[in-house]
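Next come the chains, spelled out residue by residue.
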Amino acid sequence: MAEGARPHVLADVNRELISVERLFTHADGLPGRTWYRHLLFGCRYTYAGMTLPGMTEAIENDSEEQFRSQRGRVAEALRNAAMALRRCAERFQRLTENRR
(Lines give C-alpha, C1' and ligand atoms only; values in the text may rest on other atoms or scores of the structure.)
Protein backbone atom coordinates (compact mmCIF):
# COMPACT_ATOMS: atom_id res chain seq x y z
CA MET A 1 0.00 0.00 0.00
CA ALA A 2 1.24 3.50 -0.75
CA GLU A 3 2.51 4.93 2.52
CA GLY A 4 0.07 7.45 3.97
CA ALA A 5 -2.64 6.70 1.38
CA ARG A 6 -6.17 6.38 2.59
CA PRO A 7 -7.13 2.71 2.20
CA HIS A 8 -10.52 3.42 0.58
CA VAL A 9 -8.96 5.69 -2.06
CA LEU A 10 -6.27 3.14 -2.87
CA ALA A 11 -8.94 0.43 -3.06
CA ASP A 12 -10.84 2.58 -5.58
CA VAL A 13 -7.71 2.95 -7.72
CA ASN A 14 -7.12 -0.81 -7.57
CA ARG A 15 -10.72 -1.49 -8.65
CA GLU A 16 -10.27 0.90 -11.58
CA LEU A 17 -7.08 -0.89 -12.63
CA ILE A 18 -8.81 -4.26 -12.49
CA SER A 19 -11.67 -2.92 -14.62
CA VAL A 20 -9.23 -1.99 -17.39
CA GLU A 21 -9.01 -5.67 -18.40
CA ARG A 22 -12.77 -5.72 -18.97
CA LEU A 23 -12.36 -2.94 -21.52
CA PHE A 24 -10.67 -5.48 -23.78
CA THR A 25 -13.88 -7.46 -24.20
CA HIS A 26 -16.71 -6.88 -26.65
CA ALA A 27 -20.32 -7.83 -25.95
CA ASP A 28 -20.82 -9.23 -29.47
CA GLY A 29 -17.87 -11.62 -29.14
CA LEU A 30 -15.83 -12.87 -32.07
CA PRO A 31 -17.40 -13.55 -35.46
CA GLY A 32 -18.61 -17.13 -35.38
CA ARG A 33 -17.83 -17.45 -31.66
CA THR A 34 -20.07 -14.98 -29.87
CA TRP A 35 -19.31 -16.55 -26.49
CA TYR A 36 -15.63 -15.59 -26.82
CA ARG A 37 -15.38 -11.88 -26.07
CA HIS A 38 -11.73 -10.98 -25.42
CA LEU A 39 -10.24 -8.80 -28.17
CA LEU A 40 -6.54 -9.22 -27.39
CA PHE A 41 -6.13 -12.87 -26.44
CA GLY A 42 -7.94 -15.91 -27.65
CA CYS A 43 -7.59 -19.49 -28.63
CA ARG A 44 -8.22 -21.50 -31.70
CA TYR A 45 -10.68 -24.38 -31.77
CA THR A 46 -7.63 -26.52 -30.95
CA TYR A 47 -7.06 -24.36 -27.82
CA ALA A 48 -3.76 -23.09 -29.22
CA GLY A 49 -3.17 -19.50 -28.10
CA MET A 50 -3.76 -16.58 -30.42
CA THR A 51 -3.24 -12.83 -30.11
CA LEU A 52 -5.75 -10.40 -31.60
CA PRO A 53 -8.06 -13.29 -32.44
CA GLY A 54 -10.67 -11.35 -34.41
CA MET A 55 -8.09 -9.67 -36.61
CA THR A 56 -6.07 -12.87 -37.01
CA GLU A 57 -9.08 -14.88 -38.08
CA ALA A 58 -10.16 -12.13 -40.49
CA ILE A 59 -6.75 -12.27 -42.18
CA GLU A 60 -6.86 -16.07 -42.31
CA ASN A 61 -10.37 -15.87 -43.83
CA ASP A 62 -9.22 -13.19 -46.29
CA SER A 63 -12.04 -10.94 -45.09
CA GLU A 64 -11.12 -7.28 -45.37
CA GLU A 65 -14.52 -6.19 -44.04
CA GLN A 66 -14.21 -8.40 -40.95
CA PHE A 67 -10.63 -7.17 -40.44
CA ARG A 68 -11.73 -3.52 -40.51
CA SER A 69 -14.52 -4.24 -38.05
CA GLN A 70 -12.23 -6.10 -35.65
CA ARG A 71 -9.49 -3.48 -36.00
CA GLY A 72 -12.03 -0.81 -35.04
CA ARG A 73 -13.08 -2.75 -31.95
CA VAL A 74 -9.48 -3.22 -30.85
CA ALA A 75 -8.63 0.44 -31.49
CA GLU A 76 -11.62 1.60 -29.46
CA ALA A 77 -10.73 -0.75 -26.60
CA LEU A 78 -7.14 0.52 -26.59
CA ARG A 79 -8.29 4.15 -26.53
CA ASN A 80 -10.69 3.45 -23.67
CA ALA A 81 -8.03 1.54 -21.72
CA ALA A 82 -5.50 4.34 -22.25
CA MET A 83 -7.98 6.90 -20.88
CA ALA A 84 -8.79 4.69 -17.89
CA LEU A 85 -5.11 4.13 -17.13
CA ARG A 86 -4.45 7.86 -17.44
CA ARG A 87 -7.21 8.53 -14.89
CA CYS A 88 -5.74 5.92 -12.54
CA ALA A 89 -2.25 7.37 -12.90
CA GLU A 90 -3.52 10.89 -12.17
CA ARG A 91 -5.43 9.70 -9.15
CA PHE A 92 -2.45 7.76 -7.84
CA GLN A 93 -0.22 10.79 -8.45
CA ARG A 94 -2.55 12.91 -6.32
CA LEU A 95 -2.41 10.25 -3.61
CA THR A 96 1.36 10.27 -3.50
CA GLU A 97 1.55 14.08 -3.61
CA ASN A 98 -0.85 14.38 -0.69
CA ARG A 99 1.41 12.32 1.56
CA ARG A 100 4.42 14.63 1.14
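What you are looking at is a predicted structure, and each value in this text was computed from that prediction instead of being measured.

Here is what the cut-offs are and how they apply
Residues numbered from 1 in each chain as written. Predicted model: local features only at pLDDT ≥ 70, side-chain atom pairs only at ≥ 80, totals over all residues. Heavy atoms only, no water. Salt bridge = Lys/Arg side-chain N within 4 Å of Asp/Glu carboxyl O. Helix = DSSP H or I, 4+ residues; strand = E, 2+ residues; numbered from the N terminus. Buried < 20%, exposed > 50% of the residue type's maximum accessible area, 1.4 Å probe, protein only. Phe/Tyr/Trp six-rings, centres within 6.5 Å; stacked < 30°, edge-to-face > 60°. Lys NZ or Arg CZ within 6 Å of the ring centre and 35° of its normal. Contact = heavy atoms within 4.5 Å. Polar contact = N/O pair within 3.5 Å; in protein donor to acceptor, adjacent residues only side chain to side chain. pLDDT = per-residue confidence, 0-100.

Let us look at the pattern of salt bridges. Taken as a whole, this structure holds 7 salt bridges when the rule is applied. Across the pair Arg91 and Glu16 runs a salt bridge whose closest N-O atoms are separated by 2.6 Å. Linking Arg91 in helix α3 (residues 64-98) with Glu16 in helix α1 (residues 7-22), this pair joins segments that are 75 residues apart in sequence. Arg73 is the partner of Asp28 in a salt bridge, and the nearest nitrogen-oxygen pair spans 3.6 Å. With Asp28 in the loop between α1 and β1 (41-43) and Arg73 in helix α3, the pair connects residues that are 45 residues apart, well separated along the chain. Taken together, the salt bridges that share partners define one network made up of Asp12, Arg15, Glu16 and Arg91.

What follows covers helix α2 (residues 53-60). Regarding α2, the residues found buried are Pro53, Gly54, Met55, Glu57 and Ala58. In the segment just after α2, Asp62 is the residue with positive phi, at about 55°.

Turning our attention to the packing of aromatic side chains. For the structure shown, the criterion picks out 0 aromatic pairs. Above the face of the Tyr36 ring, Arg33 is positioned so that its terminal group lies 5.9 Å from the ring centre. Over the ring of Tyr45 we find Arg33, and its NZ or CZ is 4.9 Å from the ring centre.

A word on the environment of His26. Note that His26 resides in the loop between α1 and β1. For the pair His26 and Pro53, spaced 27 residues apart in sequence, the C-alpha to C-alpha distance is 12 Å. With sequence-adjacent residues up to four places away left out, His26 is seen in contact with Arg37, Leu39 and Arg73. A distance of 3.1 Å separates a polar side-chain atom of His26 from the backbone nitrogen of Asp28.

This part is about the confidence of the model for the chain. With 91% of its residues at a pLDDT of 70 or more, the chain has an overall mean of 88. Looking across the chain, the model is least confident in α1, with a mean pLDDT of 84, and most confident in α2, with 96.

What follows concerns the side chain of Arg33. Secondary-structure assignment places Arg33 in the loop between α1 and β1. Judged by its relative accessible area of 3%, Arg33 is buried. Leave out the neighbours within four places in its chain, and Arg33 touches Cys43, Arg44, Tyr45, Met50 and Glu57.

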